[in-house]
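Now for the letters of each chain:
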Amino acid sequence: MLIGTGSALKPPQVVEEDRKTLFMHTKIEADVEVIVTWRNKTRHPGGPSAKERINLKVGDRLDFGISSYTGEFQPGATPSIGAFEVSDHHLLFSNFTTSTTFVIENLEGGTELVKARPRQLGMVIPFEMSRVLIPSGASISELTVFTPPPRLLGPDEAATVAESAMSRLDPASKYFAVLVALCEPRLRGSSMAAVPSVQEVVERLKGIKQFRGANRSSINYHIDYLTDQKLPVSQWAKYVDEGRMHSKREALVAFSLRFDLVREEHLGLLPDLKRSRPQPS
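Rules of the game
- Residues numbered from 1 in each chain as written.
- Predicted model: local features only at pLDDT ≥ 70, side-chain atom pairs only at ≥ 80, totals over all residues.
- Heavy atoms only, no water.
- Helix = DSSP H or I, 4+ residues; strand = E, 2+ residues; numbered from the N terminus.
- Buried < 20%, exposed > 50% of the residue type's maximum accessible area, 1.4 Å probe, protein only.
- Contact = heavy atoms within 4.5 Å.
- Areas by Shrake-Rupley, 256 points an atom, 1.4 Å probe, with all protein chains shown as cover.
- Pairing = 2+ DSSP bridges.
- Axes fitted to C-alpha atoms, helices over the stretch in contact; angles between N-to-C directions.
- Phe/Tyr/Trp six-rings, centres within 6.5 Å; stacked < 30°, edge-to-face > 60°.
- Lys NZ or Arg CZ within 6 Å of the ring centre and 35° of its normal.
- Expected span 1.5 Å × (residues − 1).
- Arc of directions from axis to C-beta.
- Polar contact = N/O pair within 3.5 Å; in protein donor to acceptor, adjacent residues only side chain to side chain.
- pLDDT = per-residue confidence, 0-100.

1. Some words on the overall build of the protein chain
For the protein chain, the helix and strand inventory stands at 7 helices and 13 strands. The burial tally for the protein chain puts 40% of its 281 residues in the buried class. Within the protein chain, contacts between residues at least 6 apart in sequence are counted, and of these 55% link residues at least 24 apart. When the accessible area of the protein chain is evaluated, it comes to approximately 16600 Å², of which 51% is carbon and sulfur surface.

2. Re the sheet that holds strand β9 (residues 113–116)
One open sheet holds the 6 strands; their spatial order is β3-β2-β12-β11-β8-β9, and the pairing between them is antiparallel. Every interior strand has two partners, whereas the edge strands, β3 (50–56) and β9, have only one. Neighbour-to-neighbour, the strand axes of this sheet turn through a mean angle of 25 degrees, independent of strand direction.

3. Examining the packing of aromatic side chains
Under the counting rule described, the total for this entry stands at 8 aromatic pairs. Relative to Phe73, the ring of Trp38 lies with its centre 4.8 Å away and its plane at 70 degrees, an arrangement referred to as edge-to-face. Here Trp38, found in strand β2 (residues 34–40), pairs with Phe73, found in strand β5 (residues 73–75); they are 35 residues apart in sequence, far enough to count as distant. Overall, the relative accessible area of 8% leaves Trp38 in the buried class. Plain terms: the ring middles of Tyr175 and Tyr225 are 5.5 Å apart, the flat faces sit at 55 degrees to each other, and that makes the pair tilted. Remark: Tyr225 occurs in helix α4 (residues 216–230) and Tyr175 occurs in helix α2 (residues 174–187); sequence separation between them is 50 residues. Linked through ring pairs, Trp38, Phe64, Phe73, Phe84, Phe93 and Phe102 together constitute an aromatic cluster. Of note, Lys174 hangs over the ring of Phe211, and the distance from its end group to the ring centre comes to 5.2 Å.

4. Digging into α4
Taking 1.5 Å per residue as the helical rise, α4 with its 15 residues ought to reach 21 Å, and the 20 Å between its terminal C-alpha atoms agrees with that figure. Looking only at α4, the buried set comprises Ile219, His222, Ile223, Leu226, Thr227 and Lys230. Here the buried residues of α4 occupy an arc of 130 degrees about the axis, which is enough to place them on one side. In α4, the exposed positions angled more than 90 degrees off the buried face are occupied by Ser217, Tyr221, Asp228 and Gln229. Where α4 begins, the capping side chain belongs to Asn215, and its oxygen is found 3.1 Å from the backbone nitrogen of Ser217.

5. Brief notes about the confidence of the model for the protein chain
Here the protein chain averages 79 in pLDDT, while 75% of its residues score no lower than 70. Strand β1 (residues 15–16) is the least confidently modelled element of the protein chain, averaging 32 in pLDDT, while helix α3 (residues 198–205) averages 96, the highest of any element. Confidence drops under pLDDT 50 across residues 1–27; counting only partners more than four residues distant or on other chains, this segment forms 52 contacts.

6. Some words on unusual backbone geometry
In this structure, Pro79 follows Thr78 across a cis peptide bond, with omega equal to 0 degrees. Mapped onto the secondary structure, Pro79 falls in the loop between β5 and β6 (82–86). Residues other than glycine seldom take positive phi values, yet Arg119 does so here, at roughly 70 degrees. If you trace the backbone, Arg119 turns up in the loop between β9 and β10 (123–124). With a relative accessible area of 65%, Arg119 lands in the exposed category. Phi is positive for Asp260, which is not a glycine, with a value near 60 degrees. By the element assignment, Asp260 lies in the loop between α6 (248–258) and α7 (273–276).

7. Re the pairing of β3
Counted residue by residue, β3 has 5 buried out of 7 residues, so it is predominantly covered. In the sheet, β2 pairs with β3 via 7 bridges, with the strands oriented antiparallel. Paired with Val36 across the strands is Ile54, a residue of β3.

8. Structural notes on α3
For α3, the complete set of buried residues consists of Val198, Val201, Val202, Arg204 and Leu205. Along the long axis of α3, the arc covered by the buried residues comes to 165 degrees, so they all point the same way.

The following block contains the structure:
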């Protein structure tokens with residue numbers, strides 16, 4: 001197994017101009033690394049946690065376990081409870097436990113996740129940036145995994161389809177700012193984050209000129225407009241939850257993040273987060 005501590009990996013995004021060339025070169029290049037990082041809380045007793053890192057290349061395998069002394073993630077620990085393996089096409093993940101499910105979250109997808117169930121071997125990690133959650137005892141070990149960016153078809157090679165109403169959401173509109181504010185907590189990295197209340201959206205948007213006079217009634221108007229006129233949330237809910245919509249806000253966030261209608265880049269439409277928080281007196 002090859003382990004290194006090289007510089008941060010920031011490979012350029014590759015765009016293929018020819019479809020045949022794309023299919024002939026779908027392998028992970030031999031010199032491109034997969035990066036696994038985690039926090040070691042007990043390496044320096046009494047001090048801050050230390051960030052650890054391992055770089056893996058094609059053909060490398062990283063077996064890991066939980067330290068019997070610290071209860072934390074430990075590469076090479078015995079017994080091994082799981083493994084990462086870099087093939088020439090995918091990053092594979094295995095769960096060697098008999099009864100513990102590991103969760104792999106998409107750091108860019110809000111609420112997207114896959115589960116590595118007990119005894120599951122060679123599962124493909126489908127995300128470019130992911131968080132791996134490993135329950136152990138009373139705590140959860142958290143790993144962050146970075147893989148090379150996906151290859152893309154050139155614009156001339158991609159299939160064209162009729163534009164949908166969803167793709168015509170106007171990022172300059174007030175309703176879109178409301179939608180981004182609702183999605184913000186989960187976009188910032190936590191799939192378990194609570195959806196903001198209407199009053200919290202009012203406070204979050206006050207830094208935008210168009211929302212200086214906003215109140216609960218006006219924000220609710222935009223939420224109703226999105227639900228009733230812009231997004232087929234009610235129709236979608238019939239398929240995913242037997243027709244139940246727990247709340248319009250929850251449904252809008254789940255729908256928008258699942259279909260990439262609101263993305264991390266849209267967070268720039270909101271006021272600076274530090275400035276929007278109340279300052280201590």
